[in-house]
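# Chains, contacts and geometry: an overview
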Amino acid sequence: MNSESDEYEDFAEIYDVFYGTLRDDIDFYCGLAEKYGDPVLELGCGTGRISIPLARRGYRVVGLDASKSMLEIFKKKLEKEPNEVRKRIEIIHADMRDFSLDKKFPLIIIPFSSIVHLTSLNDSLKAFTNAYNHLIKGGVFAFDVFIPKYEYITKRRRIEFYTRDTDEGKRLILWERAEYDLTNQLIHVDRLVEIVHPDNESKRYFWKTTLRWYTKSELELLLKLAGFNNIKVYGDFNLGEYRYEKGKMVFIAMK
Ligand SMILES: C[S@@+](CC[C@H](N)C(=O)[O-])C[C@H]1O[C@@H](n2cnc3c(N)ncnc32)[C@H](O)[C@@H]1O
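Residues numbered from 1 in each chain as written. Predicted model: local features only at pLDDT ≥ 70, side-chain atom pairs only at ≥ 80, totals over all residues.

A count of helices and strands for the chain gives 8 helices and 11 strands. By residue count, 31% of the 255 residues in the chain fall in the buried class. Contacts in the chain between residues at least 24 apart in sequence constitute 65% of all its contacts with a sequence separation of at least 6. (Helix = DSSP H or I, 4+ residues; strand = E, 2+ residues; numbered from the N terminus. Buried ≥ 20, exposed ≤ 12 C-beta atoms within 10 Å, placed from the backbone. Contact = placed C-beta atoms within 7 Å.)

The immediate surroundings of the ligand are formed by 22 residues, with G44, G46, R49, S67 and F112 found nearest. Of the residues in the shell around the ligand, the class split is 11 nonpolar, 7 polar and 4 charged. (Near = placed C-beta within 6 Å. Nonpolar A, V, L, I, M, F, W, Y, C, P; charged D, E, K, R; others polar.)

Looking now at the nonpolar core. Grouped together as the largest cluster of nonpolar side chains are 54 residues, with contacts concentrated most on V40 and I108. Here I108 is in contact with L41, L43, A131, H134, L135 and F141, once residues within four sequence places are set aside. (Core = buried A, V, L, I, M, F, W, Y, C linked by C-beta atoms within 7 Å.)

Before going further, it helps to examine the environment of E218. Here E218 shows up in helix α8 (residues 216-226). Sequence separation between E218 and L121 is 97 residues; the distance between their C-alpha atoms is 8.5 Å.

What follows is about the sheet that holds strand β4 (residues 105-110). Across the sheet, which stays open at both edges, the 7 strands sit in the order β3-β2-β1-β4-β5-β11-β10 with mixed pairing between neighbours. The open sheet has two edge strands, β3 (89-93) and β10 (229-234), and neither has a second partner. Shown here is a sheet whose adjacent strand axes are inclined to one another by a mean of 15°, direction ignored. For β4 and strand β5 (residues 135-146), the ladder comprises 5 bridges, and the chain directions are parallel. Bridging from a neighbouring strand, I110 pairs with F143 of β5. The strands that helix α6 (residues 121-133) touches are β1 (40-43), β4 and β5; relative to β5, the one it contacts most, it runs at about 145°. Relative to the sheet, α8 contacts β10 and β11 (248-254), its axis offset from that of β10 by approximately 160°. (Pairing = 2+ DSSP bridges. Axes fitted to C-alpha atoms, helices over the stretch in contact; angles between N-to-C directions.)

A separate point is helix α2 (residues 24-36). Taking 1.5 Å per residue as the helical rise, α2 with its 13 residues ought to reach 18 Å, and the 19 Å between its terminal C-alpha atoms agrees with that figure. Structurally, α2 contributes buried residues whose contacts are with β1, α3 (51-56), β4 and β5. A positive backbone phi angle near 100° is found at G37, which sits one or two residues after α2. (Expected span 1.5 Å × (residues − 1).)

Set out below in structure tokens:
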């Protein structure tokens, strides 16, 4: 995805219905800000799910994202925040592979698997190199990313369907099909969501995207190539050991 094409255009409006209540990564990224300092640069900040809590806890944040529609939602959410939170946040519309800012940061983060949108090793290397160049000496780069289940990869397809009632009395219906392309290490996702309001009026949202899954050793090598050292990989946000079964990798690397 780049800053001209917006895969999240339709989905941005309901992104927070799905992910807005996730909490476990917020304390982790806030803890890094406490340890390594601010301003924090969040690449792929989306609707501000992590940036806003960081600013609420007193840290200055620069949120950068390639999707105008995700950033529009972020800006709307900010309007409801107190002035002191708003003034700690700067929002930038740009591609993490080729942005250039006139300042450097002690901490750069890419939460919630945003790197899977970088669908080639060349793209992820560009983003990592760019992050490296925007860090101060001794600065820290951290991100987390999912590990796909080999079960899905070998079946080459995952189909999901569920319905859920929201707190506002709406019904959410989701259909999703993911096709696993083993040759190119890509996942082609088609997601259709229907939100049915209490008066039975409904609206449909479509999200079509291509994601790349990454392995631990690929990411370690990419980080080394980008210049990072002291690369650590964990399996959860409590810095527990990395294990495939945990389904997640948490990376912390230093400049
Ligand atoms: C899964 S969302 C994560 C959003 C947010 N970090 C969170 O934790 O909720 C992925 C985000 O990465 C952004 N993104 C994808 N490719 C990007 C790129 N090349 N440059 C900047 N942002 C990108 C998308 O627009 C989207 O907002």
